[in-house]
Amino acid sequence: MKSITIKGSQRESVGKVSTKALRNAGKVPCVLYGGDKPLHFSADELAFRHLVYTPNAHTAVIELEDGQKFDAVLQDIQFHPVTDKILHIDFYQLFEDKPVTMNIPVRLEGNSPGVRNGGRLLFRKRKLSIKALPNLLPDFITVDISKLRIGGTIAVETLLSDDFTILHPDSTAVVQVKASRTSVDDSEEEEEETEGAEGAEGAEGAAEGAEAPAAEATE
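Residues numbered from 1 in each chain as written. Predicted model: local features only at pLDDT ≥ 70, side-chain atom pairs only at ≥ 80, totals over all residues. Heavy atoms only, no water.

Undergrad: What exactly am I supposed to notice about the side chain of threonine 59 here?
TA: Within the secondary structure, threonine 59 sits in strand β4 (residues 59–64). The class for threonine 59 is buried, based on a relative accessible area of 8%. There is a polar contact of 2.6 Å between the side chain of threonine 59 and the side chain of serine 3. In this view, threonine 59 contacts Met1, Lys2, Ser3, Ile4, Leu51, Ala72, Leu94, Met102 and Leu137; residues no more than four positions away in its chain are not counted. (Helix = DSSP H or I, 4+ residues; strand = E, 2+ residues; numbered from the N terminus. Buried < 20%, exposed > 50% of the residue type's maximum accessible area, 1.4 Å probe, protein only. Polar contact = N/O pair within 3.5 Å; in protein donor to acceptor, adjacent residues only side chain to side chain. Contact = heavy atoms within 4.5 Å.)

Have a look at this one:
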């Protein structure tokens, strides 16, 4: 998983006055949990643009002015209710031997025959909460919908992996195709494909039969 570097400064004072001063200066107060004790630091708001304003999942490398570096994951974020400016961010420190919980985006691939026949695609879970060791965290979870017909559902139970644990019930629907007023029975498409294959086989057989007499005549 890609990491975003956040360069910050450790905070000596964490009172309301110093916090307000930081925000007025365009900086975001942050806390890193998971170590021996919480670490308070701040960083420019612009430093978080690739970590926060993206549909992708990333870890973070927090680099402080004194040379300390910490691998971390964003745990919680607070926005201003009116301006949407970042008010505060909580991070959780990563360790190689400790599993971490993270929301991972779901990506669909393939072309659903149910959608081609007028069905409505319902993307129920655009992100899945998983638990894994930091080095096994995936960038995204791929869901193949190329065989998803009208009335079909792809649930969590079909996405299980040895690398991570999905923290949702196995029956949780991730993506579905529902019938609509304009949809048609997509089983007809399968029948047409089958008939087309049989017709092709018949044509090949006829062609072979036609070639045999020609070969005899040559002899």
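Undergrad: Mind showing me how you'd approach unusual backbone geometry here?
TA: For aspartate 84, which is not glycine, the phi dihedral falls at a positive 65 degrees. Relative to the assigned elements, aspartate 84 resides in the loop between β5 (69–79) and β6 (86–93).

Undergrad: Explain the packing of aromatic side chains to me, please; I cannot follow it from the model alone.
TA: Ring pairs (aromatic) are described by centroid distance and by the angle formed between their planes. A complete count under the given rule lists two aromatic pairs for this structure. Aromatic side chains phenylalanine 41 and phenylalanine 91 sit 6.0 Å apart centroid to centroid with 35 degrees between the ring planes, which places their arrangement in the tilted category. Here phenylalanine 91 lies in strand β6 and phenylalanine 41 lies in strand β3 (residues 39–44), a separation of 50 residues in the sequence. For the pair shown, phenylalanine 41 and phenylalanine 91 are each scored as buried. Note that lysine 98 overlies the ring of phenylalanine 95, its terminal NZ or CZ placed 4.8 Å from the centroid. Over the aromatic face of phenylalanine 140 sits the side chain of arginine 107, whose NZ or CZ is 4.0 Å from the ring centroid. (Phe/Tyr/Trp six-rings, centres within 6.5 Å; stacked < 30°, edge-to-face > 60°. Lys NZ or Arg CZ within 6 Å of the ring centre and 35° of its normal.)

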